[in-house]
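Now for the letters of each chain:
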Amino acid sequence: MRLFQNSGLYPSYLGYLNRLARDAASFAARLRIFMEDRFGALHALQPVLDGAPEAFFTNADDEVLQRLWARENGLPAKATLEDILLAQIEQHRTEVFYNSDPIRYPSSFVRRLPGSVRTALCWRAVPSRKVDLTAYGAVLGNFPSISDFWRSQGCRAEPFYPAYDPVMAEYGNGERPIDVLFVGGYSRHHRERAKTLEAVAALGRTHNVAFHLDASRLTLLAESALGRLLPLDKHRRPRAIAEIARPPVFGRQLYELIGQSRIVLNGAIDMAGRDRGNMRCFEAMGCGALLVSDAGNYPAGMEDGVTIKTYAAPREAADMVSRCLDDWPRHAQLAARGRTELAARYGKSRQWQDFLAIVALI
């Protein structure tokens, strides 16, 4: 099976990648640097990570990467990013197209795919009412309520999960000097998460608490000298959070930080309802930290008091974290159990077999 997997990049990660790959002069060189950094590796299918000759991977929103390929393959300089992606698929003779960036490439793009493509699937784990994904054979995701949303939009939806990145075994095998780590987004759309962060940030007076936040543009503006003169109060982070906030981290830097942390704090985004199991859950457990997250409906293997710890409300998060740290030897064992369970239940081989089973259904 000739597999083509397309993904996309966070704007803040793209800037980091540009620095990391500043000397890369070819498509292959830049892509290799990206793959080695492991950004989004939990979603990368096994043939992609293995470098299988029948698999092709790209980030179609990485204009530097895509124009390197276009130049190497004789496309005109005026070719659009969509033109380049279609040319890659055609040259690859793709049979199965798997797209993790369907908002940029919705049904209108799927209808332009070359005739060699017999199945097109996409990953989308948030609702998006203004986007048509009905041309895809199925929308994949690991939140049941959001899968129901896509079904209500006329799409087929199938359960699918991130997978343990084998590289994670290299991290978290020594001391863990960080007591509590949070890495993630912060904006006015994360209301419950913001309450949790503010409560846990207060522990920074007695513990090593690290928040690496990918703040929204409005938040950054609101906290600037100019922004403080503007009516942007609702976009500013509480003082307790702003005082310990650090820049976002991704890829291997993220793995390294989690591997140095006892507890990774998590809070679901508001649109997920009671469903839980975002990427941070898999990353935290995979690198051996104790996942402390909000109560809800978690995937199999993420069980409160067995492999993770949960809190019922934002105001209880700080108390839960304190109790775990006060009895750390016992909770370190729980974290180790979580890591073993995740690797056994959500391995790359199983993810690939699940993907093949979905392809066979379409």
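Quick caveat, the model's predicted, so the values are computed rather than measured. Every residue gets a number counted from 1 within its own chain, in the order that chain's sequence is written. Where totals are concerned, whole chains, interfaces and linings use all residues; where local detail is concerned, this predicted model gives features only for residues with pLDDT of at least 70, and gives and counts side-chain atom pairs only at 80 or more. With hydrogens and water excluded, all non-hydrogen atoms of the structure serve as input to the side-chain values.

A.B. asks: Is there a simple way to think about a nonpolar patch on the surface in this case?
C.D. replies: Only residues whose relative accessible area exceeds 30% and that form no salt bridge are eligible for patches; like-charged ones are grouped when within 9 Å, while nonpolar side chains (Val, Leu, Ile, Met, Phe, Trp, Tyr) are grouped when within 5 Å. Surface accessibility follows the Shrake-Rupley procedure with a 1.4 Å probe radius. Residue values consider only the protein chains on display as shielding. Salt bridge criterion: a side-chain nitrogen from Lys or Arg within 4 Å of a carboxyl oxygen from Asp or Glu. A surface patch of nonpolar side chains, about 330 Å² in accessible area, is lined by Leu218, Leu221, Leu226 and Leu230. Turning to its location among the elements, Leu221 is positioned in helix H9 (residues 217–222). Think of it in three bands: with a 1.4 Å probe and only protein chains considered, a residue is buried below 20% of the maximum accessible area for its type, exposed above 50%, and partly exposed in between. Accessibility expressed as a relative area gives 34% for Leu221, which makes it partly exposed. A run of H or I in DSSP counts as a helix once it spans at least four residues, and a run of E counts as a strand once it spans at least two, with each numbered from the N terminus.

A.B. asks: Would you explain the nonpolar core in this entry?
C.D. replies: Looking at soluble globular proteins, one finds that nonpolar side chains tend to be buried together. Here, nonpolar core means buried Ala, Val, Leu, Ile, Met, Phe, Trp, Tyr and Cys residues that are tied together by side-chain atoms lying within 4.5 Å of each other. Within the largest apolar cluster, 64 residues are counted, with the highest numbers of intra-cluster contacts made by Phe34, Phe97, Tyr98, Leu113 and Phe355. By residue number, the principal contributor to this core is helix H5 (residues 81–92), which donates 6 residues. The criterion used for residue contact is that any of the two residues' heavy atoms lie within 4.5 Å. Non-local contacts of Phe355, meaning those with residues more than four positions away in its chain, are made with Met1, Leu3, Leu45, Val96, Tyr98, Leu121, Leu140 and Phe160. Formed by 28 residues, the second largest nonpolar core is a distinct cluster that contains Met168, Leu257, Ile258 and Ile308.

A.B. asks: Is there a simple way to think about empty space enclosed by the protein in this case?
C.D. replies: Using a probe with the size of a water molecule, rolled over the atoms, empty space left in the structure can be pinpointed. The pocket and cavity definitions rest on a 1 Å grid over protein atoms only: a 1.4 Å probe that fits but cannot leave marks a cavity, an open set with protein on both sides within 12 Å along at least five of seven lines marks a pocket, and residues lining either have an atom within 4 Å of a point. Grid points are joined across faces, edges and corners, and a volume is the space filled by probe spheres set on the points. Enumeration over the complete set of coordinates arrives at 1 cavity of 30 Å³ or more. Approximately 60 Å³ is the volume found for the largest cavity. Tyr161, Pro162, Ala163, Arg345, Tyr346, Gly347, Arg350, Gln351 and Asp354 are the residues that line the largest cavity. Looking at the lining of the largest cavity, the element that brings in the most residues is helix H15 (residues 348–361), giving 3 residues. Of the residues assigned to the lining of the largest cavity, the class counts are 4 nonpolar, 2 polar and 3 charged. Charged means Asp, Glu, Lys or Arg here, nonpolar means Ala, Val, Leu, Ile, Met, Phe, Trp, Tyr, Cys or Pro, and polar covers whatever is left, Gly included.

A.B. asks: What should I look at first to understand the environment of Val292 in this one?
C.D. replies: By the element assignment, Val292 lies in strand S11 (residues 290–294). The class of Val292 is buried, set by a relative accessible area of 0%.

A.B. asks: Help me out: how do you make sense of the pairing of strand S4 (residues 119–123) in this one?
C.D. replies: Each regular strand shows side chains that alternate between the opposite faces of the sheet. Within S4, 5 of the 5 residues are buried, which leaves it mostly tucked inside the rest of the structure. Because side chains alternate across S4, one face comprises the buried residues Thr119, Leu121 and Trp123, and the other comprises Ala120 and Cys122, equally buried. One requirement defines pairing of two strands: DSSP has to find at least two bridges between them. Sheet topology places strand S3 (residues 96–99) next to S4; 4 bridges connect them, and they run parallel. By the bridge assignment for S4, Phe97 is matched with Ala120. The pairing of S4 with strand S5 (residues 138–141) spans 3 bridges and is parallel. Paired with Cys122 across the two strands is Val139, which belongs to S5.

A.B. asks: Got a minute to help me understand the sheet that holds strand S2 (residues 55–59) in this structure?
C.D. replies: Two pairing modes exist for strands in a sheet, parallel and antiparallel, and in both the strands are linked by backbone hydrogen bonds. Taken in spatial order, the 6 strands line up as S2-S1-S3-S4-S5-S6 in an open sheet, and their pairing is parallel. The open sheet is flanked by S2 and strand S6 (157–159), the only strands paired with a single partner. Along the sheet, successive strands turn relative to each other by an average axial angle of 20 degrees, direction set aside. Whenever a helix is involved, its axis is fitted only over the stretch in contact; in every case the axis is a line through C-alpha atoms, and angles between N-to-C directions fall within 0 to 180 degrees. Helix-sheet contacts for H15 involve strand S1 (3–7), S3, S4, S5 and S6, and the interaxial angle to S4 is about 130 degrees.

A.B. asks: Help me understand the packing of aromatic side chains in this model?
C.D. replies: Two aromatic rings from Phe, Tyr or Trp, using only the six-membered ring of Trp, form a pair when their centres are within 6.5 Å; if the ring planes differ by under 30 degrees the pair is stacked, by over 60 it is edge-to-face, and anything between is tilted. As enumerated under the stated definition, the model contains 23 aromatic pairs in all. Pairing Phe282 with Tyr346 gives two aromatic rings, centres 5.4 Å apart and planes at 85 degrees, and the pair type is edge-to-face. Of this pair, Phe282 sits in helix H12 (residues 279–286) while Tyr346 sits in the loop between helix H14 (328–345) and H15, and the two are 64 residues apart along the sequence. Counting every residue linked through ring pairs, the aromatic cluster contains Tyr10, Tyr13, Tyr16, Phe34, Phe39, Phe57 and Phe250.

A.B. asks: Any chance you could explain the side chain of Asp61 here in plain terms?
C.D. replies: The residue Asp61 is located in the loop between S2 and helix H4 (63–72) in this model. For Asp61, the contacting residues outside a window of four places in its chain are Ser7, Gly8, Leu9, Asp101 and Arg104.

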